[in-house]
Structures are given as structure tokens and as C-alpha cells.
Amino acid sequence: MTVSALELERRRYRAGRARRSVWVGIASTLVFAALVVVGLSLTPGWPVVRSTFFDLGEAREAFPRVLQGIWLNIRVLLTSAVVILLFSVIVSALRTLRGAVFLPVRLLMTGYTDLFRGMPLIIVLYLVGFGIPALGFFPRLPAEFWGTLALVVTYTAYVSEVFRAGLEAVHPSQRLAARALGLSYGQTLRLVLLPQALRKVTPALMNDFVSLQKDVGLISVLGAVDAVRSAQIETSLSFNFTPYLLAGLMFVVLAIPMIRLTDWYSARLQRREQMGSIV
Amino acid sequence: MSPLLRLEGIRKSFAGQEVLRGVDLDVAEHEVVVLVGASGSGKSTLLRCINLLEQIDDGRIVLAGDDISDPRVDADRVRSRIGVVFQHYNLFPHLRVIDNVTLAARHVHKMGKTDAAGRGLRLLTRIGLADKAREYPDRLSGGQQQRVAIARALATDPALLLLDEITSALDPELVGEVLDLVRSLKEQGATIVMATHEMAFARDVADRVVFLDGGVIVEQGAPDEFFDHPREERTRRFLARLAH
């Protein structure tokens, strides 16, 4: 396809503007970073902070142990994410059930989501992790099991509400069309409403996953030897806090792919909805 | 011969507002009945009541000899015998065209996947959209979407087809393709109750035109008779308004 000289000139102009934006962005980032570094190093306590938090030798020494710890976090994360997703769909579906028979179910589910969305996670961890084993009813199970359970209980309360919002966001005419075809309530939910709800809430779900990704570090309060606990052990050996920073960075590295994926997906959804417009 | 559908004294109110105030109507098999009337005259409500999407306040609905307004009947079974097409198509946006068409066949009528797909494809061929089977609904024009919605309603071989102002949301140049499809359904012997604002089409395709006003049937008759020699004053006023 041939392009007119006018359009070529416009494209050259736009490309020039784009190049200029890139250079301005790089320059301002460098200046900002330099200001932060210089500013920090001028503070009176900097030398002490640097040796207690940014000790490269300590980091190297603690690395294998903390890495082993984060592997536990990853397993807990993946297990709880799958279970949370499953339970959330069930809880949200139960909350939308109509009919008098289901009143106790609805009440129970409402009470559950109210309670566990309000309760701080750390307290749920204590209650589940120390309270349930103290009943003496269950066999001895590792701390990470109870930690996973506490995460599931808390996060299901949140994520089920996200699902419920998604279900309610599907236009009522979809339910009407499905019922008009003779689909039952359950079939309508499963085949028509849930698939659409899931698409609507995917960015919110991904955000909750990112949040879960760092909250798995809290299972350390139950004694599970995860990245945080491993860092604590290393720290207690050397009285240097660098292992904590190391563990923290590992959590960030773990989270970044998901954060980027969430941003990309949200942007794509937005682009799709604004198709045909540039502003 | 007893009618396929019999409505006896149908009443329906919304929040104290009486929308249907005693409607009696018989529809014979293979008959095409067109409901006309101003917006708010109760056409859409009547169609929704027939399909049990709304619960009637009084009266009786009898489909092929069964009283379907009895609360003990299985409403899902009844709805699976009646096809409905809505003004705004209401296709399922997350399903491909072919899956929209075969959804009820597979899950309500428990048809096998290949049987349903074959049947769905034949239906799409009939409406001239076989090449769009793998597309998602948002890639189709309004007219194409509405034709798919009609195919979806036909996929389960319903005894009765309800069409609720199916051309009202379409651009004028797309109305024709949808109405052509309805015309061919009539030729194949479908029983249809439809609400519409397309008077020319009503005259062309209807076996009987029914004029609703204020929640009651004011007048009904063969299309030529109805449009050329309306008996009631209210009908004449309604038709005169349309002429302007």
C-alpha cells in the first residue's frame, strides 16, 4: 500500500516525538535515582544501616537457607491459591441461592464472610494454628498445614465476595435468555453466569493472588520454616538483618511476574473496551 | 381441533400497575399471530408470561393440553418446549456462535455433542451463517446476531416460537434479513406469536393480527381486514398515529 507524503511526514513527526519521550524518561529516572542514593548516604546513620541491612557477605551466607525457605512459601502459595479459588466459587454460588430452604446456608455464608473479612489474618493464624491442634482431636500436622488452612479461610472470604460481585455484574438478560432455553438454575449458573463472571473479575483475582503471595510469609509465626523464619534464624546467628532483606527481595521477585501479568491483562481488557478510540 | 396455546383471562400487575387485565387468546398449530399495540400495551409482558418468565396473577395458560400455569409443573421443561427470541438478542458473549446454538440441545435435551453440533450447523446453514460458526457473537452484525438468536431458539425444536420485537434494536437496513427468516419459518409450518412494530411485515406474514391496548385485546382479525377496515375506534386511532 502506498502512503501519501503527508502521512509519511506525520509519521516521521510522531516517531521523533516518541524517541524524545524515551530519552526524557531515561534522563529523569537517572537524576531521580542519583538524588535518592546521594540523599541516603548523607544521613548520619547510613554507615550503620548499610552494614546491618546491606551486608553482601551475610546475604551470600544466608542465601541457601532462605532459598530453601521460599520453596516452602511457593508450595503453600500454590496449594492455597487452588483451594481458595475452588471454595470461593462454591461460597459465592451458595450466597446467591434463592428459596426458603437455603436460608440457613445463606445466613451461614454471610456470617462467614463478615467474620473473616474483618478478622486480621495474623489472629486467624493463631486461632487456627494453635487453637485447632490444641483440641487434641487431629493427628499432629506440620505448621505449614495449619498456616495454609488459615490463609484459605481468610482469603476465601475475600475472593468469594469478588466472585459474587462478578456474578451480579452479568446482565440479568443473560439469566433470562438461559432460563428461556430451559436451562435449570444450576446449569445457568455453571454454563452462562460463572464463565462471564470469571472474565469480569480476573484482574481483581490476580490482584488478590499478588496479595496472597506475600501473606504466605506470615505462616512463619506458627513456626513453619519458610523464607521469613529462615531469615530469622540466620539473623539470630549473626545479629545482622540482611537475611530479612534477602527474604523480602525473594518475595518481590516471586511477585513481579504476576504483577506484570495483571497489569498487562487489565490494559488489554481496557483496550478492548475502548476499541476505536485513542483518548 | 383444540388450539396449541390457549390463554384464559391472563392478568398481571407490576407494583400495583395492571399491565394485563384479562387476556383471552387461542393460537392454533401452524398459526402466526402478531401482537401490535403501543409501547406499554402489554405485548412483551404477555409473551414473558406464556414462557413462564413472569408469574401471572390470574388466569390459565394451556400449552398442547397441559395447564402450564399450574405451579406444580416443571417450568424448565415447559420453557424447553417454547423458543424465545428477545429484542436485544441476548446471545451468550463467552460462547462461539455454534455453542450458543447447541447449548440447550446439549444440556437440556441431553443430545450428544456430535449430534448437537451437526444439528446446529444445519440450522446455521439454513440461516446462511454456517461460515460464522466458530466466531464469537461480538464479531457479528446486529442482524446476524439476531438470526443466530433465532437459530438458538429453534435448536430444540420448540412447539411454539415467541418473538419479542426482534427487529426493534436493529439498524433499518438489517431488518429485512431477519424478517425474511421469520417468513421462511412460517412457510415451514412454525407456530409463532410475535410482538412487532413492523406493520407492513405484520400484514404480510400474519394469519391473525391482535391489537392490545391498556392490557386487553381490543380487536383481532385477518391482516387485510384489520388494517383496511378496523372496527374499533381505538384501533383506528392507533393505526392513524402510525400513518404519520
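Check the entry above for the structure.
As a starting point, this report considers the structure included with it. Bear in mind that the values here come from a model prediction, so they are computed numbers and not experimental data. (Residues numbered from 1 in each chain as written. Chains lettered and ligands numbered in written order. Predicted model: local features only at pLDDT ≥ 70, side-chain atom pairs only at ≥ 80, totals over all residues. Heavy atoms only, no water.)

**What about unusual backbone geometry?**
Residues and elements named next belong to chain B. Positive phi is not limited to glycine here, since Asn90 has a value of about 50°. Structurally, the position occupied by Asn90 is in the loop between strand E6 (82–85) and helix H3 (97–107). Backbone geometry places Glu165, a non-glycine residue, at a positive phi of 50°. (Helix = DSSP H or I, 4+ residues; strand = E, 2+ residues; numbered from the N terminus.)

**Thoughts on the packing of helix H3 (residues 56–96) of chain A against helix H8 (residues 185–215) of chain A**
All names here are of chain A. As a packed pair, H3 and H8 sit with axes 10 Å apart at the nearest point and diverge in direction by 140°. Classified by the angle between their axes, H3 and H8 sit oblique to one another. Pair H3 / H8 crosses with right-handed handedness. Contact with H3, carried on its side by Leu77, Ser80, Ala81, Ile84, Leu85, Val89, Ala93 and Thr96, involves Tyr185, Leu189, Leu194, Leu205, Phe209, Leu212 and Gln213 of H8 and no other residues of that element. The residue makeup of the contact of H3 with H8, split by class, is 12 nonpolar, three polar and no charged. (Axes fitted to C-alpha atoms, helices over the stretch in contact; angles between N-to-C directions. Parallel < 35°, antiparallel > 145°, perpendicular 65-115°, else oblique. Left-handed = near helix turned anticlockwise from the far one by under 90°. Contact = heavy atoms within 4.5 Å. Nonpolar A, V, L, I, M, F, W, Y, C, P; charged D, E, K, R; others polar.)

**Looking at helix H1 (residues 43–50) of chain B**
Residue and element names in this part refer to chain B. The buried fraction of H1 amounts to six of the eight residues, a majority that puts the element mostly inside the structure. Of all the residues in H1, the buried ones are Lys43, Thr45, Leu46, Leu47, Cys49 and Ile50. Among the residues trailing H1, Leu52 stands out with phi positive, at a value near 65°. (Buried < 20%, exposed > 50% of the residue type's maximum accessible area, 1.4 Å probe, protein only.)

**Structural notes on empty space enclosed by the protein**
If a probe the size of a water molecule is rolled over the atoms, the empty space left behind becomes visible. Residue and element names in this part refer to chain B. Summed over the entire model, instances satisfying the criterion amount to one cavity of 30 Å³ or more. The computed volume of the largest cavity comes to approximately 60 Å³. The wall of the largest cavity is formed by Ser44, Leu47, Arg48, Asn51, Leu53, Val84, Phe86, Leu162 and Asp164. Looking at the lining of the largest cavity, the elements with two or more residues in it are H1 and strand E7 (160–164). Residue composition of the lining of the largest cavity, grouped by class: five nonpolar, two polar and two charged. (1 Å grid on protein atoms, 1.4 Å probe; cavity = no way out; pocket = protein on both sides within 12 Å on 5 of 7 lines; lining within 4 Å. Points joined across faces, edges and corners; volume = space filled by probe spheres on them.)

**Overview of the nonpolar core**
Across soluble globular proteins, nonpolar side chains show a tendency to be buried alongside one another. Of all hydrophobic cores here, the largest spans 48 residues; its most connected members are B:Leu5, B:Leu35 and B:Leu160. At six residues, the largest contribution of residues to this core is made by H8(A). B:Leu35 has contacts with B:Leu25, B:Lys43, B:Leu46, B:Leu47, B:Val193, B:Met194, B:Ala195, B:Thr196 and B:Val210, leaving out every residue within four places of it along the chain. If you look at the next biggest cluster of nonpolar residues, it comprises 47 residues, including B:Ile98, B:Val101, B:Met194 and B:Phe201. (Core = buried A, V, L, I, M, F, W, Y, C linked by side-chain atoms within 4.5 Å.)

**Things to note about the pairing of strand E3 (residues 32–36) of chain B**
Residues and elements named next belong to chain B. Burial of E3 is extensive: five of the five residues sit out of reach of the surface. Alternating positions in E3 separate into two faces, Val32, Val34 and Val36 on one and Val33 and Leu35 on the other, with burial throughout. Where E3 meets strand E8 (residues 192–195), four bridges bridge the pair, whose relative direction is parallel. The partner of Val32 across the bridge, within E8, is Ile192. Sheet analysis places E3 next to strand E9 (residues 208–213), joined by four bridges and oriented parallel. Bridging across to E9, Leu35 finds its partner in Val210. (Pairing = 2+ DSSP bridges.)

**Observations concerning the packing of aromatic side chains**
Residues and elements named next belong to chain B. Taken as a whole and judged by the stated rule, the model has 12 aromatic pairs over all chains. Between Phe211 and Phe226 the ring centres are 6.5 Å apart and the planes differ by 55°, which places this aromatic pair in the tilted class. Of the two residues, Phe211 is situated in strand E9 and Phe226 in helix H8 (residues 223–228); the sequence distance between them amounts to 15 residues. Of the residues examined, Phe211 reaches a relative accessible area of 1% and is grouped as buried. Residue classification places Phe226 among the buried positions, given a relative accessible area of 1%. Between the NZ or CZ atom of Arg152 and the centre of the ring of Phe92, over which it lies, the distance is 4.6 Å. (Phe/Tyr/Trp six-rings, centres within 6.5 Å; stacked < 30°, edge-to-face > 60°. Lys NZ or Arg CZ within 6 Å of the ring centre and 35° of its normal.)

Keep in mind these values describe shape, not function.
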